[in-house]
Amino acid sequence: MSIPNDPIILLSYINTQLRDNYESLDELCASLDIDRSELCEKLGAVGFVYDETTNQFK
């Protein structure tokens, strides 16, 4: 599956997926075959980090 390339659109997409379909980032990454560290690095480059307690990037 192809995910958005633009980091802001990616943020919206990932947070929506986490909210609606997945209980954790690990579950999302496994299901969509996404490398967690690459995803966190890409979103981290624009100032967002994953918060496990809220299950979203902030």
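Refer to the preceding data block for the structure.
Not measured: the values here are computed from a predicted model. Numbering of residues starts from 1 in every chain and runs along the sequence as written. Local features in this predicted model are restricted to residues whose pLDDT is 70 or higher, and side-chain atom pairs enter the listing and the counts only when it is 80 or higher, whereas totals over whole chains, interfaces and linings include all residues. With hydrogens and water set aside, each side-chain value is computed from the structure's full complement of heavy atoms.

S.K.: Where do I start with the side chain of N55 in this structure?
M.R.: Helix numbers and strand numbers start at the N terminus; a helix is a DSSP run of H or I with at least 4 residues, a strand a run of E with at least 2. Relative to the helices and strands, N55 is located in the loop between β1 (50-51) and β2 (56-57). There is a polar contact of 2.9 Å between the side chain of N55 and the backbone oxygen of Y22. In contact with N55, other than residues within four places in its own chain, are L18, Y22, E23, S24, L25 and Y50. Pairs of N or O atoms are called polar contacts if they sit within 3.5 Å, as long as, within protein, a hydrogen donor faces a hydrogen acceptor (for residues adjacent in sequence, only side-chain-to-side-chain pairs). Note on definitions: a residue-residue contact is assigned when non-hydrogen atoms from the two residues lie within 4.5 Å.

S.K.: How do you make sense of the pattern of salt bridges when you look at a structure like this?
M.R.: When charged atoms on two side chains of opposite charge get close, those side chains can pair. The salt bridge criterion pairs a side-chain nitrogen of Lys or Arg with a carboxyl oxygen of Asp or Glu, the two atoms within 4 Å. Tallying each qualifying case throughout the model produces three salt bridges. For D26, the salt bridge is made with R36, and the minimal N-O distance between the two is 2.6 Å. Here D26, found in helix α2 (residues 25-32), pairs with R36, found in helix α3 (residues 36-44); they are 10 residues apart in sequence, far enough to count as distant. On the accessibility criterion, D26 (48% relative accessible area) is partly exposed. Exposure classes here rest on a 1.4 Å probe applied to the protein chains alone. A residue is buried below 20% of its type maximum, exposed above 50%, and partly exposed in between.

S.K.: I would appreciate a short explanation of the packing of α2 against α3 in the present structure.
M.R.: Each pair of packed helices gets described by two things: the angle between the helix axes and the distance between those axes. Lines fitted to the C-alpha atoms define the axes, with helices restricted to the stretch that makes contact. Angles between their N-to-C directions range from 0 to 180 degrees. Put simply, α2 and α3 touch, their axes get as near as 10 Å, and they point 115° apart. In terms of their interaxial angle, α2 and α3 are classed as roughly perpendicular. Along the contact surface, α2 presents L25, D26 and C29, while α3 presents R36, L39 and C40. In the contact of α2 with α3, the residues fall into four nonpolar, no polar and two charged. An angle below 35 degrees is read as roughly parallel, one above 145 as roughly antiparallel, one from 65 to 115 as roughly perpendicular, and any other as oblique. Amino acids outside the nonpolar list (Ala, Val, Leu, Ile, Met, Phe, Trp, Tyr, Cys, Pro) and the charged list (Asp, Glu, Lys, Arg) are all regarded as polar, and Gly is one of them.

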